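Residue-level structure breakdown
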Amino acid sequence: MCGIIGVTGDDGALEVIIDGLHRLEYRGYDSAGVATVRGDGLWRARAADGTHSVEALVTATAGCGGDRTGIGHTRWATHGGPTVENAHPHVDCTGRIALVHNGIIENHAELADALAGAGHRFSSQTDTEVLVHLLETEVAGGAALGDALRAVMSRAVGAYSVVAISADDPELVVAGRRSVPLLVANDDGAGFVASDVSALLGRATRYFALEDDQVAEVRPASLRVTDPDGAEAEPTALSVDPAWDVVAAQKGGYDDFMSKEMHEQPRAIEDTLFDRRDHDGSLVLDELHLGPDDLRAVDKVVVVACGSSYHAGMVAKYAIERWARLPTEVEIASEFRYREPVLHERTLVIGVSQSGETLDTLEALREARRAGTRTLVVSNVVHATMAREADGALYTRAGPEIGVASTKCHVAQIVALEVLALALAQWRGTLGRPAVSLLFDQLHELPELVEETLGRSKEVEAVAAALGGARDYFFIGRHLGYPVALEGALKLKEISYLRAEGYPAGELKHGPLALIEPGTVVVALLDPLREKMTSNVAEAAARGATVVALASDGTPEVAGLAGVEHVLHVPAVPEPMFAPAVQVVPLQLLAYALARRLGNDVDRPRNLAKTVTVE
Ligand code: M6R
């Protein structure tokens, strides 16, 4: 979850690193740091200032520069608090090796004991620091830095990436990874390493993904990659999506990325739908790499995902079961892999992930592959680890999403999964071509409907203002309204820090109703199953809840419903199965408005990171 960047052969290495750290902040911002080779030694600066750590590092490094080789890091704290002492880069006892790390070293306690016994001095509470002392030991034993890193990785257990420099080999950056992403890149006369392509956009022309347990030795004019036994290896060349340019990763006049990304939702849907239909009207999903025959053989679908992607997966369950008549389970990825799921070669396991790197989902997919199933990933990042490892991929084409709270990618995932459900129905023959074609046409109405919903943000802001100091929220819905309720609650908690729970509306009376009292806000999605929802709203209102109803245009009776104080209207959607992509929008806007009123940084909520590469 931390962000890593390394540079060699660039006279402005420090500027490149700081700029890269700004772009990597979404991966973590508990602290930030940089180390460069300067003169015949190393120079280091670190800062820890909550969500403003990179800015604090900019201040700390003002006026410095001129070095050609260095590494930088933004941290999402796991072991040890978000302090300067725990900030990366960490250095060895000699001060001549510096190292940054992302992930977790699971056997760090045991390694630290052995290293302390051998006289190494530790100055942080991190699991990371063992790595730099292990490197020191290997180098002291005569190993070159690349070989030393390979030896260190053979002892360090866990999922991690690591990048190091040494004052004794001033133009070399070494890097290795296991299960978390790391890419290397070069241009004429400069070499780079980063945890994510966004850090290097516009800087390099050739990009390569390191595979598990490979070690890269990056020099200004050369790149050498070796596998775990030291043999030369070929890294995987990446083609960088032109849509992922530097401009796309900037705020473009909006106050923050979240706002910009919410307003990009119509475009994200359009792009995700683009070019999915053949001249004869049938759906084609080129990048799937699984043919109709493979998919016809499937007799069960399991969707694994986390957070907002999991909620999109829940929507997929309704769509796949309804149209393709395939039993579909949806499971939180971190639970899936430890419960011995029953899988076989006719099961299709679909991983849904914006980043394509979330470790829980990645490992769930690996577990599925070990069991012999076909795997498919719905990812927003082409060439992400999940996409490279899965049998097939379906890309959401939402462009880079920087705000930690997922918005446009979530909506694009819903749309991509609905397309997949229709394609499965087409190939299995459970829906005829005219029906598939009609539904696909209706999907094309979504960009306009989402645009119209975004245009109603003033209504949402007024409701947010009226809700004032409320601190407890329930989001309730039934059927497809349930995943939307879960997503609304997740958005609110992650950026406003208010207590928010999503519930199937029928479940309130089985326990949570005990928590409803005057001052509790209940946000109720009236559709689908409006009559049942109306009863649930009345039950909450009778206990003093302030009810905010989400209703489609054309439901005039909503204003007179017992207990409803506020109404958020959304445009009616021609096909109810597509409604989540529209209904979720006012809930994003509500979370945004409430968080802004509280003065929170909506792009960088506390304690969170965009890409979660730890278990
Ligand atoms: O990259 P992924 O889609 O795999 O990420 C999964 C979750 O970490 C992510 O959706 C998270 O819940 C978001 N911050 C929600 O807004």
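Residues numbered from 1 in each chain as written. Predicted model: local features only at pLDDT ≥ 70, side-chain atom pairs only at ≥ 80, totals over all residues. Heavy atoms only, no water.

A closer look at the environment of Asp30
Here Asp30 shows up in the loop between helix H1 (13-24) and strand S2 (31-38). Judged by relative accessible area, Asp30 falls into the buried class, the value being 14%. Every residue in contact with Asp30, bar those within four places of it in the chain, is listed here: Ala48, Asp49, Gly50, Ser53, Arg75, Trp76, Ala77 and Pro82. (Helix = DSSP H or I, 4+ residues; strand = E, 2+ residues; numbered from the N terminus. Buried < 20%, exposed > 50% of the residue type's maximum accessible area, 1.4 Å probe, protein only. Contact = heavy atoms within 4.5 Å.)

Considering helix H18 (residues 530-542)
Taking 1.5 Å as the rise per residue, H18 with 13 residues should run 18 Å; its terminal C-alpha atoms sit 18 Å apart, in good agreement. Regarding H18, the residues found buried are Met533, Asn536, Val537 and Ala540. Looking straight down H18, one finds its buried side chains confined to an arc of 105°; they lie on one side. Exposed side of H18, more than 90 degrees from the buried face: Glu531 and Ala542 are the residues found there. Residues of H18 that are buried make contact with strand S20 (472-477), strand S22 (521-525), strand S23 (546-552) and strand S24 (564-570). Looking one or two residues beyond H18, the residue adopting positive phi is Gly544, at roughly 95°. (Expected span 1.5 Å × (residues − 1). Arc of directions from axis to C-beta.)

Things to note about the layout of surface pockets
In this structure, the largest pocket encloses a volume near 580 Å³. Lining the largest pocket are 27 residues, and of these Cys306, Gly307, Ser308, Lys610 and Val612 sit closest to its centre. For the lining of the largest pocket, the secondary structure elements donating two or more residues are helix H9 (307-324), strand S17 (347-353), helix H11 (359-370) and helix H17 (481-496). Here the residues of the lining of the largest pocket are counted per class, giving eleven nonpolar, eleven polar and five charged. Each of domain 2 (254-343 + 391-444) and domain 3 (454-597) accounts for three or more of the residues forming the lining of the largest pocket. A volume near 490 Å³ is recorded for the second largest pocket. In terms of lining, the second largest pocket is formed by 21 residues, of which the most central are His22, Glu25, Lys251, Phe257 and Ile402. In terms of residue count, H1 provides more of the lining of the second largest pocket than any other element does, three residues in total. Classifying every residue of the lining of the second largest pocket gives six nonpolar, four polar and eleven charged. Looking at which domains feed residues into the lining of the second largest pocket, each of domain 1 (3-240) and domain 2 (254-343 + 391-444) gives three or more. (1 Å grid on protein atoms, 1.4 Å probe; cavity = no way out; pocket = protein on both sides within 12 Å on 5 of 7 lines; lining within 4 Å. Points joined across faces, edges and corners; volume = space filled by probe spheres on them. Nonpolar A, V, L, I, M, F, W, Y, C, P; charged D, E, K, R; others polar. Domains from an automatic or database assignment.)

Observations concerning the sheet that holds S22
Backbone-to-backbone hydrogen bonds pair the strands of a sheet. The strands run either parallel or antiparallel. The strand order across the open sheet built from five strands is S21-S20-S22-S23-S24, with neighbouring strands paired in parallel fashion. Strand pairing shows two members of the sheet lacking a second neighbour, strand S21 (499-504) and S24, which therefore form its edges. Direction aside, the axes of adjacent strands within the sheet are offset by 20° on average. Pairing analysis gives four bridges linking S20 to S22, with the strands arranged parallel. In the sheet register, Phe475 faces S22, and the bridge partner there is Val523. (Pairing = 2+ DSSP bridges. Axes fitted to C-alpha atoms, helices over the stretch in contact; angles between N-to-C directions.)

With respect to a negative patch on the surface
A contiguous patch of negative charge, built from Glu270, Glu445, Glu448 and Glu451, is present on the exposed surface. Within the element layout of this structure, Glu445 appears in the loop between helix H14 (433-443) and helix H15 (446-454). Residue class for Glu445 comes out partly exposed when judged on its relative accessible area of 37%. (Patch = residues over 30% accessible without salt bridge, like charges linked within 9 Å, V, L, I, M, F, W, Y side chains within 5 Å. Areas by Shrake-Rupley, 256 points an atom, 1.4 Å probe, with all protein chains shown as cover. Salt bridge = Lys/Arg side-chain N within 4 Å of Asp/Glu carboxyl O. Lys, Arg positive; Asp, Glu negative; His and termini not counted. Charge placed at Lys NZ, Arg CZ, Asp CG, Glu CD.)

Structural measurements only, silent on function.
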